[in-house]
Amino acid sequence: MTEKLLPDHPKDLEYVKRNYEEVTGRIALAAGRSGRKAEDITLLAATKTVAPEVINYAVSLGLRYIGENKVQELLSKYDEYDLTACELHMIGHLQTNKVRQIVGKVSMIQSVDSLKLAGEISRQSVKNGVTTDILLEVNIGREENKSGVFAEALPELLEQTAALENIRVRGLMTVPPICDKKTEVLKYFDRMNKLFIDISAKTLDNVSMDFLSMGMSDDYEEAILSGANMVRVGSRLFGARIYR
């Protein structure tokens, strides 16, 4: 059983264009409501199951950041991405034994949630003569079946990770629990923003709180209102995904 992108009209790139214009417009409105400008918010397209030609079309529209969830899919599409005009990020759970396959290929790894994983990223980065930007993933909802460090363990992980070679800590990332009401998800986003602000107020070597990556297709506007400056949008851009 595989997962396949299924927009209303799979071969109609106008569908993607309309979605891109709608999402960027909504981002601008949410940014304004939060006292910021549209250019203060980074839109990252979550491109799981999306064909490279569709991704590249979105890049031609102005998209500057794309993210993959799985290493195998990232590698299978890597040679076809148009990376001259956009950055490629790893946004899904990353196993330590697969780090070597993507270091040097991605501009950022957003899902670092342990010292073991950070250590391997450091080791492979040194080996390849590169410096890898990372975000620390926080399990803000304390869900047992979800990756990410708990909030109370974040300061220690941050300090330990910042001491590693060839790594730059650029901010935080989270995937909040699925909530029935928008008011519920806002509570998690607000907690993340407080963590982000608290850490930003400290002077830590090799740490720059440039990105608070939170919010996806169903809640990116709420995330922006709660302080996010990077949102990861997939189905709202490329259409729903179904299993076959």
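Note that the structure is predicted; figures quoted are calculated from it, not measured.

> Looking at this structure, I do not really get the overall build of the chain. What am I missing?
Secondary structure assignment for the chain yields nine helices and 10 strands. Taken over the C-alpha trace, the chain has a radius of gyration of 17 Å; the compact-globule value for 244 residues is 18 Å, and the two agree within 12%. Taken along its principal axes, the extent of the C-alpha atoms in the chain is 50 × 40 × 35 Å. Here the chain holds 244 residues, and 48% of them are scored as buried. When contacts within the chain are restricted to residue pairs at least 6 apart in sequence, those whose partners lie at least 24 apart make up 60%. When the accessible surface of the chain is summed, it comes to about 12200 Å², and 47% of that surface belongs to carbon and sulfur atoms.

> Looking at this structure, I do not really get the side chain of glutamine 124. What am I missing?
Inspection of the secondary structure assignment puts glutamine 124 in helix H5 (residues 115-128). On the basis of relative accessibility, which here comes to 4%, the residue glutamine 124 falls in the buried class. Ignoring sequence-local partners within four residues, the contact set of glutamine 124 consists of Val99, Arg100 and Val103.

> What exactly am I supposed to notice about the layout of surface pockets here?
If a probe as big as a water molecule is rolled over the atoms, it shows which places are left empty. Estimated volume of the largest pocket: approximately 920 Å³. Considering the residues around the largest pocket, the lining is formed by 31 residues, among which Val175, Pro176, Ile178, Met216 and Arg232 are closest to the centre. Here the lining of the largest pocket is built from residues that sort into 11 nonpolar, eight polar and 12 charged.

> Please clarify how the packing of aromatic side chains should be interpreted in this entry.
Centre-to-centre distance and the angle between the planes together describe a pair of aromatic rings. This structure, assessed with the given rule, holds one aromatic pair. For the pair tyrosine 78 and tyrosine 81, a centre-to-centre distance of 6.4 Å together with 90° between the ring planes defines the contact as edge-to-face. A residue is classified by how much of its surface remains accessible, and tyrosine 81, at 7% relative accessible area, is buried. Lysine 105 extends its terminal NZ or CZ atom over the ring of tyrosine 78, reaching a point 5.6 Å from the ring centre. For the cation-ring pair, arginine 142 lies above phenylalanine 150, with the distance from its terminal atom to the ring centre recorded as 4.1 Å.

> Is there a simple way to think about helix H2 (residues 52-61) in this case?
Helical geometry: 3.6 residues make up each α-helical turn, so side chains three or four residues apart lie on a common side. Burial runs high along H2: seven of the 10 residues are buried. Glycine 62 occupies a position one or two residues after H2 and carries a positive phi of about 130°.

> Would you mind going over the pairing of strand E5 (residues 108-112) with me for this structure?
Regular strands have side chains that alternate between both faces of the sheet. Of all the five residues making up E5, five are buried; the element is thus mostly covered by neighbouring parts of the structure. Relative to E5, strand E4 (residues 87-90) runs parallel, the two being bridged by two bridges. Residue pairing in the sheet places histidine 89 in a bridge with methionine 108 of E5. Sheet topology places E5 next to strand E6 (residues 132-138); three bridges connect them, and they run parallel. Looking at the pairing, valine 112 lines up with leucine 136 of E6. Where the polypeptide runs from E5 across H5 and back to E6, its parallel neighbour, the crossover connection is right-handed.

> In this structure, what is going on with the nonpolar core? I would like to understand it.
Soluble globular proteins tend to pack their nonpolar side chains together in the buried interior. Ranked by internal contacts, the top residues of the largest apolar core, which has 65 residues, are Ile109, Leu136 and Leu172. When near neighbours in sequence (up to four residues on either side) are disregarded, isoleucine 109 contacts Met90, Leu94, Ile102, Ile121, Thr132, Asp133, Ile134 and Leu135. One finds Leu44, Ile91, Met173 and Met230 within the second-largest nonpolar core, a separate group that totals eight residues.

> Would you take a moment to explain unusual backbone geometry for this structure?
One can expect most non-glycine residues to show negative phi and most peptide bonds to be in trans. Here the phi dihedral of threonine 49 falls at roughly 75°; this positive angle occurs in a residue that is not glycine. Of note, threonine 49 is situated in the loop between strand E2 (42-46) and H2. For threonine 49, a relative accessible area of 17% corresponds to the buried category. Although it is not a glycine, arginine 142 sits at a positive phi angle of roughly 55°. Position of arginine 142 among the secondary structure elements: in the loop between E6 and helix H6 (154-162).

> Please explain the environment of lysine 182 as it appears in this structure.
Considering the arrangement of structural elements, one finds lysine 182 in helix H7 (residues 182-200). Residue classification places lysine 182 among the partly exposed positions, given a relative accessible area of 42%. Along the primary structure lysine 182 and aspartate 219 are separated by 37 residues, whereas in three dimensions their C-alpha atoms are 7.7 Å apart. Setting aside its immediate chain neighbours within four residues, lysine 182 contacts Asp218, Asp219 and Glu222.

Rules and cut-offs
- Residues numbered from 1 in each chain as written.
- Predicted model: local features only at pLDDT ≥ 70, side-chain atom pairs only at ≥ 80, totals over all residues.
- Heavy atoms only, no water.
- Helix = DSSP H or I, 4+ residues; strand = E, 2+ residues; numbered from the N terminus.
- Rg over C-alpha atoms; globule rule 2.2 N^0.38 Å.
- Buried < 20%, exposed > 50% of the residue type's maximum accessible area, 1.4 Å probe, protein only.
- Contact = heavy atoms within 4.5 Å.
- Areas by Shrake-Rupley, 256 points an atom, 1.4 Å probe, with all protein chains shown as cover.
- 1 Å grid on protein atoms, 1.4 Å probe; cavity = no way out; pocket = protein on both sides within 12 Å on 5 of 7 lines; lining within 4 Å.
- Points joined across faces, edges and corners; volume = space filled by probe spheres on them.
- Nonpolar A, V, L, I, M, F, W, Y, C, P; charged D, E, K, R; others polar.
- Phe/Tyr/Trp six-rings, centres within 6.5 Å; stacked < 30°, edge-to-face > 60°.
- Lys NZ or Arg CZ within 6 Å of the ring centre and 35° of its normal.
- Pairing = 2+ DSSP bridges.
- Right-handed = clockwise from strand over helix to strand, strands pointing away.
- Core = buried A, V, L, I, M, F, W, Y, C linked by side-chain atoms within 4.5 Å.

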